[in-house]
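Observations on the three-dimensional arrangement
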Amino acid sequence: MAYQNPHLAETAENLKQQFKELDHKPDILKAVELKALFDELKTLPPAERAGFGKEANQLRAELEQMVADHQSQTVSLAPIDITAPFDINVPVDQRPKTLPAELGSQHPLMTELYKVLSIFNRMGFAAVESREVDDDYHMFTSLNFPEGHPARDDYDTFMTTQTDANGKPLIAPAHTSTMQNRVLKQFKGNLEAGGSIAVVIPGRVFRNEDLDARHEHTFYQLEGVYVGRGINAGHLIATLKTFLQTYYGQALEVKTQPFYFPFTEPSFEFALSCPFCQKKGCAVCSQSGWIELLGCGMIHPNVLREAGIDPEIYTGFAWGGGIDRLVMMKYDIEDIRHFEAGKLDFLRQFS
Ligand SMILES: [Zn+2]
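Our subject in this report is the structure included herewith. This is a predicted model, so every value here is computed, not measured.

Time to look at unusual backbone geometry. The amide bond that connects E265 to the next residue, P266, takes the cis arrangement and shows omega of -5 degrees. Turning to its location among the elements, P266 is positioned in strand 7 (residues 264-273). One non-glycine residue, N144, lies in the positive phi region at around 70 degrees. If you trace the backbone, N144 turns up in the loop between helix 5 (136-139) and strand 2 (158-163). Owing to a relative accessible area of 17%, N144 belongs among the buried residues under this scheme. Backbone geometry places Q287, a non-glycine residue, at a positive phi of 65 degrees.

See below:
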């Protein structure tokens, strides 16, 4: 395309040359020279503005087309026989070509999880990832669900046919609390050094659920564990409230109501005032003005004891809540199943 304005024509040539040399072609659209044209436009006398603006827009459209053409070329790849064994010894340049990473984007749950972890990191929490296969001890026994405890039946878990050293089936964890015993033991030294244990645990969890817009068999949870001297439920509520207000960027009210978990005593269900309607009632909060968000409580003395921590000296709190739910509320996503569906039209809205 020929440009009448000599300055614009020169910039166009320059940008096309840059485009050829770029590894990541879409970066051309962020070039400072392109932005400078639009800055210059604002300074022009009104008589020149229309002509210059039209050509600047043409140039941007041309560059966008070049990026799109490049991407459509790179995706026309030879089909790969996915049933054929892959030979790791084949030199890199002779291996089957896969889609370039620049065509992908981060999953919205991961983007949001990093924001969540960053908030807790600033509040002094370390992060430890949970496991996707665990054993009966960490799923139940270490959390004060002894053998035969009726609350074990509340968790409709997936199990493997393979068994652990005690002959029990391995479990796809139904909650991230499976990590409590491990992090308590791992960070126990902090207590002995006069400090506290402060850990958040993100992880993928699995439940044998009937699927609908609010229930998915696979989702993400964030567990939190805090132990120190003189810790009480006030600290728990303040920690969660501070996090939620930072994440949603607005003042919120919170409330708790009694609940039951074997591994916390007392246990609470934690609700926040609806961030969408300021408690007036809307579809998101089912007209109640409140959203029940997660389960929490003071860590049961038996759970501390099981990790070798003296509950007479130290107390602590723990919570566990769904990350999917948090993100659905933030972006008004109506169906939890979108996250695992791999639908590009959904995912591209977040890229
Ligand atoms: Zn509402």
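Our next topic: the coordination of the zinc ion. At 2.2 to 2.3 Å from the zinc ion lie its protein donor atoms, namely C274 (SG), C277 (SG), C282 (SG) and C285 (SG). Around the zinc ion sit 4 donor atoms, and with donor-metal-donor angles ranging over 105 to 114 degrees the site reads as tetrahedral. When the donor residues of the zinc ion are listed from N- to C-terminus, their spacing reads C-x2-C-x4-C-x2-C. On the accessibility criterion, C274 (1% relative accessible area) is buried. Its relative accessible area of 16% is what places C282 among the buried residues.

Right, let's get into the pattern of salt bridges. Scanning all chains against the criterion turns up 13 salt bridges. Between D136 and R152 there is a salt bridge, and its shortest N-O distance comes to 3.1 Å. With D136 in helix 5 and R152 in the loop between helix 5 and strand 2, this pair connects stretches of sequence that are 16 residues apart. Linking K279 and E253 is a salt bridge whose minimum nitrogen-to-oxygen distance equals 3.1 Å. With K279 in the loop between strand 7 and strand 8 (290-299) and E253 in the loop between helix 8 (233-248) and strand 6 (254-261), this pair connects stretches of sequence that are 26 residues apart. Relative accessible area serves as the criterion here: at 37%, K279 is assigned to the partly exposed category. One salt-bridge network, held together by shared partners, links K35, D39 and K42.

Here we come to the side chain of K25. Following the sequence through the fold, K25 ends up in the loop between helix 1 (6-21) and helix 2 (32-43). One buried charged residue, K25, remains without a salt bridge, the closest side chain of opposite sign being D23 at 6.4 Å. Of note is the side chain of K25, whose polar atom sits 2.9 Å from the backbone oxygen of F19.

Counting residues in each nonpolar core, the largest one holds 43 residues, and the members touching the most others are L222, L244 and W319. With residues up to four places along the chain from it excluded, the contact list for L222 reads L113, V116, L117, F120, T176, V200, I201, P202, W319, G320, G321 and I323. One finds V128, M179, F187 and A318 within the second-largest nonpolar core, a separate group that totals 28 residues.

Here we come to the packing of aromatic side chains. By convention here, two paired aromatic rings are described through the distance between centres and the angle between planes. Going through the model one piece at a time under the given rule, you end up with 18 aromatic pairs. Taken together, a centroid distance of 5.9 Å and an interplanar angle of 20 degrees make the contact between F243 and Y247 stacked. You can see F243 and its partner Y247 sitting in helix 8, 4 residues apart, about one turn around the helix. According to the relative accessible area criterion, Y247 is buried, its value standing at 5%. On the basis of an interplanar angle of 75 degrees and a centroid distance of 5.1 Å, the ring pair of Y247 and Y248 is categorised as edge-to-face. This pair shows no difference in class: Y247 is buried, exactly as Y248 is. Through a chain of ring-to-ring contacts, three or more aromatic side chains come together here, namely F120, F125, Y226, F243, Y247, Y248, F317 and W319. Between the NZ or CZ atom of K25 and the centre of the ring of F19, over which it lies, the distance is 5.2 Å. Over the ring of Y247 we find K330; its NZ or CZ atom is 4.0 Å from the centre of that ring.

Analysis parameters
Residue positions are given per chain, counted from 1 along the sequence in the order it is written. In keeping with the model being predicted, local features are shown solely for residues with a pLDDT of at least 70 and side-chain atom pairs are shown and tallied solely at 80 or more, while totals for entire chains, interfaces and linings include all residues. With hydrogens and water stripped out, all remaining heavy atoms of the structure feed into the side-chain values. Strands are runs of DSSP state E lasting at least 2 residues, helices are runs of H or I lasting at least 4, and numbering of each runs from the N terminus. Each residue's exposure class comes from its accessible area (1.4 Å probe, protein chains only) as a fraction of the maximum for that residue type: buried when under 20%, exposed when over 50%, partly exposed otherwise. For Na, K and Ca the donor cut-off is 3.2 Å; for every other metal, N, O and S atoms count as donors within 2.8 Å. Water does not enter the count, which can leave sites looking incomplete. Square planar and octahedral assignments, for four and six donors respectively, both demand that opposite donors be over 155 degrees apart and that all other angles lie between 65 and 115; tetrahedral needs four donors with all angles between 85 and 135 degrees, and anything else is irregular. The salt bridge criterion pairs a side-chain nitrogen of Lys or Arg with a carboxyl oxygen of Asp or Glu, the two atoms within 4 Å. Only four residue types enter the tally: Lys and Arg on the positive side, Asp and Glu on the negative side, with His and both chain ends excluded. Polar contact criterion, stated in full: a pair of N or O atoms within 3.5 Å, where within protein one must be able to donate a hydrogen and the other to accept it, and residues adjacent in sequence count only if both atoms are side-chain atoms. To form a nonpolar core, buried Ala, Val, Leu, Ile, Met, Phe, Trp, Tyr and Cys residues must be joined to one another through side-chain atoms within 4.5 Å. Here, residues are in contact when the closest pair of their heavy atoms is within 4.5 Å. A pair of Phe, Tyr and Trp rings is counted when the ring centres sit within 6.5 Å of each other, with Trp represented by its six-membered ring. The angle between the planes then sorts it: under 30 degrees is stacked, over 60 is edge-to-face, the rest tilted. Both a distance and an angle decide whether a charge sits over a ring: NZ of Lys or CZ of Arg must be within 6 Å of the ring centre and within 35 degrees of the ring normal.

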